[in-house]
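Structure assessment
Residue strings, one per chain:
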Amino acid sequence: MSPEKRTNYLNQDQSLSTRHDQSGTMPASLKRTLAMLQLKSALQALFCVPISYQDCKLIYDDVKKMLGKDEPACIRVELAQNKSNKLDIQGYGTSWKDPLKNPWNRGCLRQKVGVIDAYGHYATITSFGPPWKWSEFEPGQELLLYAKATQWKSDPISINEAKILPPWAANTIVPVYQGIPGKVSGKAVESCVRYLSEENLFDLAAQQCAVEVQQVCALNADQILQLVDSATKAGEPSLRSLLNAQYSLEDVFVQLHRPDSVTHALAAKRCAGNINQLALQIQAETENYRPEHPQSALGDDHVLLAKTQEALQVIESSTGFRPTDNQQVVATQIAEDLSSSRPVSGLLSGEVGAGKTVAYLAPGVAAHWMGAKVAITAPTLLLADQIAREIHDIFGTKVKVQRLEEGQVIHDDQAIIVGTESLATIAGKQNYVPNLVIFDEQHKSQRQFKTALVGPYTHSVEVSATPVGRSLALSTYSGMRLYVLNEQPVQKSINTYLVDTRDRRSTIAAINSAIKHNKRVAIILPRVLESKKQDAEDENNAGSDQAQVANVVRTQALFDKAFPGKVGVLYGSQSNEVKRRVLDQFRRYEHPILISTTVMETGISVPDIGVLIIRDPENFGSFQLHQLRGRLARKGGVGDCFLMTEDLTKLSEVSLKRLKTVEQTKDGYELAVLDMLHRGAGNFDGDEQTGKTTMLFKLLHLSVEQWLLDEENRFDLDVIDTNDEQIVDAAPSVAPKQTALF
């Protein structure tokens, strides 16, 4: 798909969503509802999909004819009066046996309201809740009900699950809307849709919404409907077949909110769901799409592959470790893609400790040797230090490398530049555009930062053991290259234990054993109380319901009594020099016990950490816990991770389930998938990298499993009819067969 054509079409009329401004006449309550639904215009209310429909085409006048029906039906009745010529209502408290003397009493929890049908049959409406809603009704008043009717022996007929319908509902199919719990009621959504009818704006709204569908999908109406029809499953009537004619996008909105029948309405809902999935697919493939560029290819593929093999050999001779077959395959795949005339958008997903650095460093160094500008970014200065040091230690004078810090300048753009997010600002000032940029631990980087470093010919590879939801979702669509590392270069066994403070003795025993065997110990605490300045990583990722805030200084003092002279402390508000010194002391075994915040989390490699204790793990995300656990046994062997909460019995059900999942799941990729399913994949055409995905049609309640993981729901965009008047071309297939999430 050509993003240029899509962008041009989207820019043709950006004012459509706000062209009809009802701010002067629309009630304030409706404006608030639109805002909560993230709708910019009253006309967009038609994007709110009903949850169900009430068939009021047939209206019963005889309540007895409703007996025995499984489904609710519409009936017209009249409110009965009692002997005092008042509303026939009986109130009940906690028992159905004895009615209250006064049905309007505050203790009234349930009511039976007498009604009479057109044939004089008496029945009672069973109603729950306070009785005040019946105070506005009078005897003899006609009601249109949507309900079920039952009868027990000789008792009066009981009308159950009754919903009182407005007069306009007669002889129609009534849409039932569901809101957003705690934010918007279904009645409020209904009011927004009804407003369009009352103001004679419905037809205009349908036209407007049809145009917006074409804008978002960047296809014309015929192409969209062609794809929607192709998604109709066997045995399900399509909207086209039901209408027996050429139908339009406007018809989808008409049949959603003013359906000819329930069958028409359900077919329209399926259309809406298919359009949502189509729009998401097009957004994803447009986001992934990279057009060809004359400066994209970094050299002949054979030469790049040879240089990559040379880099792998240098890594082996310098470190004494032979790269695994898996690492060599991934390095080769990246090198092959760097020779393409189309810049790659890649995601390197590999388990913590699987050697992702080797897999991307070999082709990165090869590109550097070929004269390409190469940049590597890390979310923290400690990880950036580590990467720059590894390049220098492995390749020595064979590779020029600059560790770029905030406030510095790029001295040699032909060196491999290693930096943090400040690199984007420096690159912008110096007009530095890399040929290859590698985003290590990409789940910690903002989308805006990544976008700022990627030029029209820049190859981009994002690296993470736990990819953020947006990137993980995009990797399942055409256009993004997925590289997978699933082999460990060393033999290791990591044990995870979910415990509470009652198990303190066992954790202390594990610490003593580790120190006895010359291994290191790390204790991770949620955050620091000593300073108001908060570590950005902790602040962004700490749990929202923190039961306990840790004080690393106090904890250091406690451990120093048991292990005098062996305890170091590391946290975010320390100066960079102090952080580096503390970490070096930990590496050199001067302080084999380290009390730290999540500064330790991202990518830091320290050999022989044998025991890791994470206090109050409920305050950390699943990604953080897995990344922290990945600090164990980096050079192989056995490592024990203790997730220690204060009291397991006091954890919420959600927290306990999540922590047990981390305890039982060793695969970071699987955790990333589970996190995406739980929290969402963010927005493909926006900056949100996780959370709920914004869709065209609202309130459809499509799960991530439905629109993302079910590959049968993907559209074959190559079947679109092409002509000179089409909005965009069919999306090109620029990626190899995508790897399934499971």
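The structure reproduced in this document is the subject of the present report. (Residues numbered from 1 in each chain as written. Predicted model: local features only at pLDDT ≥ 70, side-chain atom pairs only at ≥ 80, totals over all residues. Heavy atoms only, no water.)

**Focus on the overall build of the protein chain**
The helix and strand tally for the protein chain stands at 23 helices and 22 strands. Per-residue burial for the protein chain yields a buried fraction of 54% across its 742 residues. Taking all contacts inside the protein chain whose residues are at least 6 apart in sequence as the whole, residues at least 24 apart take part in 73%. When the accessible surface of the protein chain is split by element, carbon and sulfur atoms take 48% of a total near 33600 Å². (Helix = DSSP H or I, 4+ residues; strand = E, 2+ residues; numbered from the N terminus. Buried < 20%, exposed > 50% of the residue type's maximum accessible area, 1.4 Å probe, protein only. Contact = heavy atoms within 4.5 Å. Areas by Shrake-Rupley, 256 points an atom, 1.4 Å probe, with all protein chains shown as cover.)

**Observations regarding the pattern of salt bridges**
Opposite charge on two side chains permits them to pair, given that their charged atoms come into close proximity. Within the structure shown, the criterion is met by 20 salt bridges. R76 serves as the salt-bridge partner of D61, at 3.8 Å between the closest nitrogen and oxygen. On the criterion of sequence distance, the pair formed by D61 in the loop between β2 (59-60) and β3 (73-79) and R76 in strand β3 is long-range, its members being 15 residues apart. Members of the salt-bridge network, linked through shared partners, are D385, R403, E405 and R580. (Salt bridge = Lys/Arg side-chain N within 4 Å of Asp/Glu carboxyl O.)

**Some points on the state of the cysteines**
Applying the stated criterion across every chain, the model contains zero disulfides. The thiol sulfur of C48 is not disulfide-bonded, and the nearest other cysteine sulfur, from C192, lies at 7.0 Å. (Disulfide = S-S within 2.5 Å.)

**What to know about the sheet that holds strand β11 (residues 374-377)**
Spatial strand order, β12-β13-β11-β14-β15-β10-β16: seven strands in an open sheet with parallel pairing. Every interior strand has two partners, whereas the edge strands, β12 (401-404) and β16 (481-485), have only one. Neighbour to neighbour, the strand axes of the sheet diverge by 15° on average, direction disregarded. In this structure, strand β10 (residues 345-350) lies alongside β16, joined through five bridges in parallel fashion. By the bridge assignment for β16, G350 is matched with L485. (Pairing = 2+ DSSP bridges. Axes fitted to C-alpha atoms, helices over the stretch in contact; angles between N-to-C directions.)

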